[in-house]
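What the coordinates show
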2 protein chains.
Amino acid sequence: MIRGNAPRLPALVVGSIGLDTVETPFGAVRDVLGGAASFSAVSASFFTDVRMVGVVGEDFPAEHLALFRAREIDLNGVQQQPGATFRWNGYYEYDLNQAHTLATHLNVFEQFRPTVPDAYRDTPYVFLANIDPDLQLAVLEQMSAPKFVMADTMNFWIDGKANRVLEVVKRVDAMTMNDAEARQLCDTSNLVVAGHRLLNLGPRVVIIKKGEHGALLFTQHDYFAAPSFPLEDVKDPTGAGDTFAGGLLGYLAFTNDVSDANIRRAVVYGTVMASYAVEDFSLGRLQTLEPGEVMVRFAEMRRITAMPE
Amino acid sequence: MIRGNAPRLPALVVGSIGLDTVETPFGAVRDVLGGAASFSAVSASFFTDVRMVGVVGEDFPAEHLALFRAREIDLNGVQQQPGATFRWNGYYEYDLNQAHTLATHLNVFEQFRPTVPDAYRDTPYVFLANIDPDLQLAVLEQMSAPKFVMADTMNFWIDGKANRVLEVVKRVDAMTMNDAEARQLCDTSNLVVAGHRLLNLGPRVVIIKKGEHGALLFTQHDYFAAPSFPLEDVKDPTGAGDTFAGGLLGYLAFTNDVSDANIRRAVVYGTVMASYAVEDFSLGRLQTLEPGEVMVRFAEMRRITAMPE
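Residue indices begin from 1 for each chain and proceed along its sequence in written order. Chain A is the first chain written and ligand 1 is the first ligand written, with later ones labelled in order. At least 70 in pLDDT is required for a residue's local features to be given in this predicted model, at least 80 for side-chain atom pairs to be given and counted, and no such filter applies to totals for whole chains, interfaces and linings, which use all residues.

**So, the overall build of chain A**
This is how the line gets drawn: In this description a helix means any DSSP run of H or I spanning at least four residues, a strand means any run of E spanning at least two, and both kinds are numbered starting from the N terminus. Radius of gyration: C-alpha atoms only; globule rule: 2.2 Å multiplied by the number of residues to the exponent 0.38. The exposure scheme places C-beta atoms from the backbone and then counts, for each residue, the other C-beta atoms within 10 Å of its own, assigning buried at 20 or more, exposed at 12 or fewer, and partly exposed in between.
Along chain A, the regular secondary structure elements total 10 helices and 13 strands. On C-alpha atoms alone, chain A measures out to a radius of gyration of 18 Å, which is about the 19 Å that the 2.2 N^0.38 rule sets for 309 residues. Expressed along its principal axes, the backbone C-alpha trace of chain A runs to roughly 60 × 45 × 45 Å. Of all 309 residues assigned to chain A, the portion counted as buried reaches 51%.

Here you go:
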């Protein structure tokens, strides 16, 4: 298919922007740039124009805002408020699939009520990254008929506000979460069952992220299993899922094509973006990433999944 | 490529034949047909002529031998000895990926020294299913220049005889084990690192089985990630890995083609066979399986892994 010029529609990313203190078997970092919206907005910015809604404290380093601006991310929706920035402190042991949380300080996020700037309200592609489901719903209320909304969540909200998470699932076009969260929310160990239960709640797309084991895509008429990109050197998995989701949504917005086939492609672009994110702490690798490198690994993904005739 | 008549070379399967007592969230069975050789020989028999080496006790039910014969499996290498048949007793909880062993009774396997019948010694394709690595090596000594030997192992032998397991790895063309075993034997949490470490020991093919997450294939010049076949209804995962390996080796023997591309196909045929095995306890589903069903799921695997242009 000859596309001509891509539509390149903008994407809105809403979620946490924070400072992470992380230890893995391969090193430790303190108060580095983190948060679901940070990873997903930067990832999406490799594909299309990105607008961001979130909140940071008065201690948020200017260099991080500069990093977003260098990726041409629109920060008019990012409020800077009195108080400290959201912080996460965690570690990974031998098994990099399992994050252990030492502390989560909501700080300025505690009183945060997201306000979508007027100029953002008609954004066609929206990613509600992992935050309180009530805030995700509050953002949705402020949007005027977006074309495609994807949401993520985490075990913390499933534990505490499962009904609100389910309300989000019912209201979005695509829902994504990791395998443990899908098993928990759907009360089944079988991911295929979980995927279909989530689909039955309303979204037309469900994506279950499985870390090193890749991702599963469910739609009404399609099922696609994407492996992860094989890496020998994973430094820090923090933000991999957010980077995946941001790349996926960014690619959909760029192409303005939410057909099943194009969502498959988007899942693979998301996989590629995540594979780079985990090669360094924080957004280190995404800062040096070249678009050509994204294309190289996308081609490689085709090679490692191809079934011969 | 037009193949004309397939070579249909015979395959030899060596390993445990046993009686399993298993409980899963979906039921319980007592003293049913089990053992690595049973699953892998029956699976291989869907593709080519199979010869079996193993031992059963005097209590081994004739109906199980009849089942093997119905699959036209050559049983001249199966000894019946005084004493009780090998028995495994285990259960699975919510997480069907994790088998819990309650008891293993080696019984007649304790004194077993495998003897390869003269008529089997030139079998070109050999699968050394999970047994004591010393027995696997003893079988290899009796073979006259097989074309392709694949071996499997398990944590029990890695715990107790890691050096002998490594000796097996060095002596075979293909080594297969599950993800936890590969991480343990190679002392790394990274499966890509583990795969390459195993390759560096000598085999030209390494296959890491990941249960519901599929399988990873490593060769000197190739890497292939196959997902599992999506199933909503898994009754009993016992024997899935053996069924996978048997289907894989059976397909290679049938086609007599060990090129990287054909090994990819073989991995997918193994995946398909395993997907049927777990649909019922013991070899229940493999007994009713039709070759056409294998073809249907093979085509389905192509569909669920295809990356669109």
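**A short note on the packing of helix H8 (residues 260-277) of chain A against helix H10 (residues 291-305) of chain A**
Residue and element names in this part refer to chain A. Defined as follows: Lines fitted to C-alpha atoms define the axes, with helix axes restricted to the stretch in contact, and inter-axis angles between N-to-C directions lie between 0 and 180 degrees. Here the angle decides the label: under 35 degrees means roughly parallel, over 145 means roughly antiparallel, 65 to 115 means roughly perpendicular, and every other value means oblique. The sense of a crossing depends on the near helix, which, turned anticlockwise from the far helix by less than a right angle, makes the crossing left-handed and, turned clockwise, makes it right-handed. Two residues form a contact once the distance between their C-beta atoms, set from the backbone, is within 7 Å. For this classification, Asp, Glu, Lys and Arg are treated as charged, while Ala, Val, Leu, Ile, Met, Phe, Trp, Tyr, Cys and Pro are nonpolar and the rest, including Gly, are polar.
Following both chains from N to C, one finds H8 and H10 inclined at 120 degrees, their axes separated by 9 Å at the closest point. With respect to H10, the axis of H8 lies oblique. Pair H8 / H10 crosses with right-handed handedness. Seen from H8, the contacting residues are Val-268, Tyr-269, Thr-271, Val-272, Met-273 and Ser-275; seen from H10, they are Val-294, Arg-297, Phe-298 and Met-301. Residues that form the contact of H8 with H10 fall into these classes: seven nonpolar, two polar and one charged.

**Things to note about the interface of chain B and chain A**
If you look at the interface, chain B gives 29 residues, while chain A gives 29 residues. Elements supplying a minimum of two residues to the side of chain B that touches chain A: helix H6 (191-200), strand S13 (222-226), helix H8 (260-277) and helix H10 (291-305) of chain B. Looking at the side of chain B that touches chain A, its residues break down into 18 nonpolar, four polar and seven charged.

**Focus: the nonpolar core**
Inclusion rule: To count as a nonpolar core, a set of buried Ala, Val, Leu, Ile, Met, Phe, Trp, Tyr and Cys residues must be joined through C-beta atoms within 7 Å.
Core analysis: the biggest nonpolar cluster contains 96 residues, and Val13(B), Leu249(B) and Val267(B) have the highest contact counts within it. A total of 10 residues in this core trace back to one element, the largest contributor, which is H8(B). Those residues in contact with Val13(B), other than ones at most four positions away along the chain, are Ala37(B), Ser40(B), Ala41(B), Ala44(B), Val50(B), Met52(B), Phe127(B), Ala129(B) and Gly246(B). Core analysis: the next-biggest nonpolar cluster, separate from the first, contains 95 residues, Ile73(A), Ala174(A), Ala182(A) and Ala266(A) among them.

**Focus on helix H1 (residues 36-44) of chain A**
Among the nine residues that make up H1(A), nine are buried, leaving the element largely enclosed by the rest of the structure. Taken as a whole, H1(A) has its buried residues at Ala36(A), Ala37(A), Ser38(A), Phe39(A), Ser40(A), Ala41(A), Val42(A), Ser43(A) and Ala44(A).

**Regarding the pairing of strand S10 (residues 174-178) of chain B**
All names here are of chain B. Where we set the bar: Here a strand pair is declared whenever DSSP counts at least two bridges between the two strands. Here, the term right-handed applies to a crossover whose path from the first strand over the helix to the second runs clockwise when the strands point away from the viewer.
Among the five residues in S10, five count as buried, and that is most of the element. Neither face of S10 is open: one carries Ala-174, Thr-176 and Asn-178, the other Met-175 and Met-177, and all of them are buried. With three bridges joining them, strand S9 (residues 148-152) and S10 adopt parallel strand pairing. The residue of S10 that forms the bridge with Ala-151 is Met-175. Crossover connection from S9 via helix H4 (residues 155-171) to parallel S10: handedness right-handed. Pairing analysis gives five bridges linking S10 to strand S11 (residues 205-209), with the strands arranged parallel. From the neighbouring strand, Asn-178 faces S11, where its bridge partner is Lys-209.

**Quick word on the packing of helix H5 (residues 179-186) of chain B against H6(B)**
All names here are of chain B. Two numbers describe how H5 lies on H6: the axes approach to 9 Å, and their chain directions differ by 65 degrees. With respect to each other, H5 and H6 are oriented roughly perpendicular. In this structure, the crossing between H5 and H6 has a hand that is left-handed. For the pair formed by H5 and H6, the contact residues are Asp-179, Ala-182, Arg-183 and Cys-186 on the first element and Leu-191, Val-193, Ala-194, Arg-197 and Leu-198 on the second. Here the residues of the contact of H5 with H6 are counted per class, giving six nonpolar, no polar and three charged.

**What about the sheet that holds strand S4 (residues 50-57) of chain B?**
Residue and element names in this part refer to chain B. Strand order in the open sheet made by the nine strands is S5-S4-S1-S8-S9-S10-S11-S12-S13, with mixed pairing throughout. At either margin of the open sheet sits one strand with a lone partner, and together these are strand S5 (74-81) and S13. Geometrically, the sheet is characterised by an average inter-axis angle of 15 degrees between neighbouring strands, direction not taken into account. Docked against the sheet, helix H1 (residues 36-44) engages strand S1 (11-14), S4, strand S8 (125-128) and S9, running at close to 165 degrees with respect to S1. Of the strands in this sheet, S1, S8, S9, S10 and S11 are in contact with helix H7 (residues 240-255), which crosses S8 at around 170 degrees.

**Looking at helix H5 (residues 179-186) of chain A**
Residues and elements named next belong to chain A. Definition in use: In this description, the arc belongs to the directions extending from the helix axis to the C-beta atoms.
Within H5, the full set of buried residues consists of Asp-179, Glu-181, Ala-182, Leu-185 and Cys-186. The arc enclosing the buried residues of H5, seen along the axis, measures out at 160 degrees, which places them on a common side. For H5, the elements touching its buried residues are helix H4 (155-171), strand S10 (174-178), helix H6 (191-200) and strand S11 (205-209).

**Quick word on unusual backbone geometry**
Phi angles above zero are rare outside glycine, and Ser282(A) is one such case at about 50 degrees. Accessibility expressed as a C-beta count within 10 Å gives 23 for Ser282(A), which makes it buried. Positioned with a positive phi, Arg8(B) is a non-glycine residue whose angle comes to about 45 degrees. Residue position: Arg8(B) is located in the segment before S1. With 12 C-beta atoms counted inside 10 Å, the residue Arg8(B) sits in the exposed group.

**A closer look at the relation of the copies chain B and chain A**
The line we're drawing: When the copies are superposed, the least-squares fit takes in the C-alpha atoms of residues with a pLDDT of at least 70 in both.
Turning chain B through 180 degrees and shifting it by 0.0 Å along the axis lays it on chain A, with an RMSD of 0.0 Å. Expressed as an axis order, the relation between the two copies is that of a two-fold axis. If distances are taken from each C-alpha of chain B to the rotation axis, the shortest is found for His213(B), at 3.1 Å. Comparing interface residues between copies, 100% of those in chain B also lie at the interface in chain A; the contact surface is shared.

**What about the environment of Val296(A)?**
Residues and elements named next belong to chain A. Tracing the chain through its elements places Val-296 in helix H10. On the basis of neighbour count, Val-296 is assigned to the exposed category, with 12 C-beta atoms found within 10 Å. Remark: the alpha-carbon pair of Val-296 and Val-272, spanning 24 residues in sequence, is separated by 9.3 Å.

**As for the sheet that holds strand S7 (residues 99-105) of chain B**
Residues and elements named next belong to chain B. Pairing is mixed across the open sheet formed by four strands, whose spatial order is S3-S2-S6-S7. At either end of the open sheet lies a strand with only one pairing partner, and these are strand S3 (27-34) and S7. This sheet shows a mean twist of 15 degrees between the axes of neighbouring strands, independent of strand direction. As judged from the six bridges shared by strand S2 (residues 18-24) and strand S6 (residues 86-92), these two strands associate in the parallel manner. Pairing of Gly-18 across the sheet is with Phe-86, part of S6.

**Description of the environment of Met143(A)**
Residues and elements named next belong to chain A. Along the polypeptide, Met-143 turns up in the loop between helix H3 (133-142) and strand S9 (148-152). Spatially, the C-alpha atom of Met-143 lies 17 Å from that of Asp-74, the residues being 69 residues apart in sequence. In contact with Met-143, not counting residues within four places along its chain, are Val-116, Arg-121 and Val-126.

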